[in-house]
Amino acid sequence: YSLQSSIDFEKDRSASISWGMIHPDFHGQGWGTKLTQYRIARIKKTDAPKINVRTSQHTWKFYEKMGFCLFQTQKDYWGKGLDLHDMELKLSPYS
């Protein structure tokens, strides 16, 4: 089994997380939460004012539970029946 994840930094210093995928055999065991908490903790050690995540209708509620706020949706963005959900987690009160 493998674990996929990515952290990228933008020109405005904000961080973006992507590819936080857990193999279906391990869903519901807390691995996604642990991975996301780890990535947030790593980013908090930088000067990033916020973390962005672009996800779908299948996982946006997971990120909402982690403190991310939904600010935009776009129907069929990723493909027919797969909508974009743009979310952010503010780390600084000034972001």
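Sequence order sets the numbering: in each chain, residues are counted from 1 along the sequence as written. Residue-level local features of this predicted model are given only where pLDDT is at least 70; pairs of side-chain atoms are given and counted only at 80 or more, and the full residue set underlies all totals for whole chains, interfaces and linings. Note: side-chain values were computed over all heavy atoms of the structure, leaving out hydrogens and water.

(A) Spotlight on the pairing of strand 2 (residues 15-21). Note that strand 2 and strand 3 (residues 50-55) share three bridges and pair parallel. Across the sheet, the residue bridging to Ala15 is Ile51, located in strand 3. As a crossover connection, the stretch from strand 2 through helix 1 (residues 31-44) into strand 3 is right-handed. Following DSSP output, two strands are said to pair if at least two bridges run between them. We count a stretch as a helix when DSSP gives it H or I for four or more residues in a row; a strand needs E for two or more, and each element gets its number in order from the N terminus. Here the term right-handed applies to a crossover when the path leading from its first strand over the helix to its second strand runs clockwise, the strands being oriented away from the viewer.

(B) Broad picture of the nonpolar core. Only buried residues count toward a nonpolar core. Its members are Ala, Val, Leu, Ile, Met, Phe, Trp, Tyr and Cys residues joined through side-chain atoms within 4.5 Å. Here the term buried applies to any residue with accessible area under 20% of the maximum for its type, exposed to any over 50%, and partly exposed to those in between, with areas from a 1.4 Å probe on protein chains only. Counting 13 residues, the largest nonpolar core has Ile17, Ile43, Ile51, Val53, Tyr63, Phe68 and Met87 as the members making the most contacts within it. Contributing elements (two or more residues each) for this core: strand 2, helix 1, strand 3, helix 2 (60-65) and strand 5 (82-90). Only heavy atoms enter the contact rule, under which two residues are in contact if any of them lie within 4.5 Å. Discounting residues that sit within four places of it in the chain, Phe68 has contacts with Ile17, Ile40, Ile51, Val53, Tyr63, Met87, Glu88 and Leu89.

(C) Quick peek at the environment of Pro24. Tracing the chain through its elements places Pro24 in the loop between strand 2 and helix 1. The exposed category is assigned to Pro24, whose relative accessible area is 58%. Put simply, Pro24 and His85 are 61 residues apart on the chain and 21 Å apart in space, counted from C-alpha to C-alpha.

(D) Highlighting unusual backbone geometry. With a phi close to 75°, Arg13 is a non-glycine residue in the positive phi region. Considering the arrangement of structural elements, one finds Arg13 in the loop between strand 1 (4-9) and strand 2. Even without being glycine, Asp76 reaches a positive phi, approximately 60°. Secondary-structure assignment places Asp76 in strand 4 (residues 69-79).

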